[in-house]
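Coordinate analysis (summary)
For reference, the chains in residue letters:
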Amino acid sequence: MTSKMMQAIQVYQYGGPEELKIENIPCPEPKEGEVLIRVEAAGVLPIDWKIRRGLTKNIVPVHFPYIPGSAFSGVVEKQGPGVTDFQIGQFVFGRAKGTYTEYTISSVDELIPMPENLTFTEAATITGGAATAYNALFNEGKLVSGQKVLIHGAAGGVGSFATQLAHWKGANVIGTASTKNLDFIRLLGTDHVVDYMKTQFEKVVKDVDLVLDTVGGDTLQRSLSIIKPGGTLISLVGQPPIDKAKELGINAKRSSSFASKEDLWAIADLIAQKKIKAIADNIFTLNEVQHAHSVSETGHGRGRIVLQIADTLSR
Ligand SMILES: NC(=O)c1ccc[n+]([C@@H]2O[C@H](COP(=O)([O-])OP(=O)(O)OC[C@H]3O[C@@H](n4cnc5c(N)ncnc54)[C@H](OP(=O)(O)O)[C@@H]3O)[C@@H](O)[C@H]2O)c1
């Protein structure tokens with residue numbers, strides 16, 4: 001630790017958004033293989049409020065007090081011993097433990113250089129949003145051009161990227177969303193939209209090659225009926241009915257891997273080249289973090305929620 005202090009969000013116990021407290025705490029020091037990052041923006045992911053509520057305590061244990069968040073973009077402030085790949089002042093994004101803070105520590109293994117023309121807000125949407133979509137569609141779901149894919153929750157932090165990535169790949173894209181989001185997902189590249197509030201998707205969709213489910217529950221269970229034999233169901237939320245899927249000749253799995261560094265770079269490049277768009281209309285400051293979590297907890301977000309940590313973003 002140094003004598004330098006930083007503003008950070010701290011959580012002392014499981015509970016509601018009121019457990020997110022802004023405090024001044026000592027700035028950490030990078031160890032071997034790590035860098036200190038000056039955080040410019042942090043992604044607010046649903047997993048962040050699930051952890052804060054204690055819903056994932058068996059799979060993601062925490063030590064109180066902890067700083068929430070994993071997705072960030074920022075600037076390398078200091079190198080730990082032995083670090084030569086990243087230079088002080090370099091713009092980077094990636095994953096870290098605790099990103100709702102002015103400074104965080106990231107392992108160089110989790111760090112990606114930001115391409116030219118990518119903003120810090122855009123970069124903060126990549127891990128946990130675009131990267132999850134990319135990995136589920138292309139690495140786990142093996143989606144190729146010409147296939148038919150259904151994306152449940154097409155307007156959300158993952159779905160808004162999945163829709164655009166599938167469209168970019170040349171797939172025939174069907175998206176589900178509520179009435180207010182139908183025009184939005186059309187703009188993202190869906191060929192066919194289903195208003196889940198008015199229509200049961202299985203009544204109007206059939207023979208799809210891939211379902212990417214970001215909703216879970218009943219939606220996940222009902223999805224098998226619209227997949228053709230040999231097709232795939234990737235769930236981001238719950239365990240799919242594996243035995244029933246096997247009987248039907250469907251490959252069903254819960255997404256369980258992360259995008260590689262190469263994938264993360266490829267996604268960043270797609271955004272920088274404006275081939276896909278990072279939707280981050282809901283931007284909050286560190287002081288507004290409780291509100292940001294309340295919005296995320298509704299489960300009806302549009303695009304990714306982002307915390308702008310720096311007063312003025314460097315890019
Ligand atoms: N396993 C993993 O690696 C992984 C990674 C990232 C995320 N996740 C999980 O995936 C889920 C989605 O994440 P996210 O960041 O996309 O969440 P989000 O930004 O909150 O978006 C959720 C979306 O779901 C839509 N929705 C809600 N109910 C629906 C229904 N019955 N049918 C269709 N759409 C519905 C909402 O659209 P409307 O407003 O139109 O209802 C909203 O746009 C979360 O539970 C998250 O924890 C898992």
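This is a predicted model, so every value here is computed, not measured. Each residue is numbered by its place in its chain's sequence as written, counting from 1. Totals for whole chains, interfaces and linings use all residues, but because this is a predicted model, local features are given only for residues with pLDDT of at least 70 and pairs of side-chain atoms are given and counted only at 80 or more. The basis for the side-chain values is all heavy atoms of the structure; hydrogens and waters are excluded.

**Some details on the overall build of the protein**
Scanning the protein from terminus to terminus reveals 10 helices and 15 strands. Over its C-alpha atoms, taken along the principal directions, the protein stretches across nearly 60 × 40 × 35 Å. Of all 315 residues assigned to the protein, the portion counted as buried reaches 54%. The long-range share in the protein, meaning contacts at least 24 apart out of those at least 6 apart in sequence, stands at 63%. As displayed, the protein has an accessible area near 14000 Å², and 51% of this comes from carbon and sulfur atoms. Counted charges follow a simple rule, with Lys and Arg positive, Asp and Glu negative, and His plus the chain ends left uncounted. By convention, the charge on Lys lies at NZ, on Arg at CZ, on Asp at CG and on Glu at CD. The positive charge centre, built from 32 side chains, and the negative charge centre, built from 33, are 5 Å apart in the protein. Each helix corresponds to a stretch of at least 4 residues labelled H or I by DSSP, and each strand to a stretch of at least 2 residues labelled E; elements are numbered beginning at the N terminus. Under the scheme applied here, a residue whose accessible area is under 20% of the maximum for its type counts as buried, over 50% as exposed, and between as partly exposed, the area being computed with a 1.4 Å probe on protein chains only. We call two residues in contact whenever any of their non-hydrogen atoms come within 4.5 Å of each other. The method behind every accessible area is Shrake-Rupley, applied with a 1.4 Å probe, and residues are considered shielded solely by the protein chains displayed.

**Considerations on the nonpolar core**
One recurring pattern in soluble globular proteins is that nonpolar side chains are buried together. Grouped together as the largest cluster of nonpolar side chains are 46 residues, with contacts concentrated most on Ile 126, Leu 137, Val 149 and Leu 165. For this core, the elements supplying multiple residues, two or more each, are α2 (120-124), α3 (126-140), β8 (148-152), α4 (159-169), β9 (172-177), α5 (182-188), β11 (208-213) and α9 (261-272). The biggest single contributor to this core is α3, with 8 residues. Two domains each put at least three residues into this core: domain 1 (5-125 + 280-308) and domain 2 (130-254). When near neighbours in sequence (up to four residues on either side) are disregarded, Leu 165 contacts Ala 130, Ala 133, Tyr 134, Leu 137, Phe 138, Leu 270 and Ile 276. Among buried residues, those of type Ala, Val, Leu, Ile, Met, Phe, Trp, Tyr and Cys that are joined through side-chain atoms within 4.5 Å constitute a nonpolar core. For the domains described, the bounds stem from an automatic or database domain assignment.

**What to know about the UniProt feature "domain: Enoyl reductase (ER)" (unreviewed entry) in the protein**
UniProt positions are given in the numbering used here, feature names are shortened, and annotations may be inferred rather than shown by experiment. UniProt records the feature "domain: Enoyl reductase (ER)" (unreviewed entry) for residues 15-307 in the present numbering. Taken end to end, residues 15-307 is 28% helix and 27% strand, and its first and last C-alpha atoms sit 20 Å apart.

**Considering the domain arrangement of the protein**
Looking at the protein, the domain boundaries give domain 1 (5-125 + 280-308) and domain 2 (130-254). For domain 1 and domain 2, the distance between their C-alpha centres works out to 28 Å. Each partner contributes residues to the interface: domain 1 has 6 residues there, and domain 2 has 11 residues. Overall, the association of domain 1 and domain 2 removes approximately 690 Å² of surface from exposure, summing both partners, and the carbon and sulfur fraction of that is 44%. The working definition used for a salt bridge is a side-chain nitrogen of Lys or Arg within 4 Å of a carboxyl oxygen of Asp or Glu. Linking domain 1 to domain 2 there are 0 salt bridges. For this analysis, a polar contact is any N or O atom pair within 3.5 Å, provided that within protein one partner can donate a hydrogen and the other can accept it, and provided that sequence-adjacent residues contribute only side-chain to side-chain pairs. Counting across the domain 1 and domain 2 interface gives 5 residue pairs in polar contact (both at pLDDT 80 or more). Of the residues belonging to the side of domain 1 that touches domain 2, the class tally is no nonpolar, 4 polar and 2 charged. Here's the idea: put two parts together, see how much 1.4 Å probe accessible area each one loses, and the total over both is what we call buried area. Residues are grouped as follows: Ala, Val, Leu, Ile, Met, Phe, Trp, Tyr, Cys and Pro are nonpolar; Asp, Glu, Lys and Arg are charged; all remaining types, including Gly, are polar.

**Here's the deal with the pattern of salt bridges**
Between side chains of opposite charge, a pair can form as their charged atoms come close. Under the counting rule described, the total for this entry stands at 12 salt bridges. A salt bridge links Asp 183 to Arg 186, with the nearest nitrogen and oxygen atoms 2.7 Å apart. You can see Asp 183 and its partner Arg 186 sitting in helix α5, 3 residues apart, about one turn around the helix. Here the salt bridges share partners, and the residues they tie into one network are Arg 38, Glu 40 and Glu 77.

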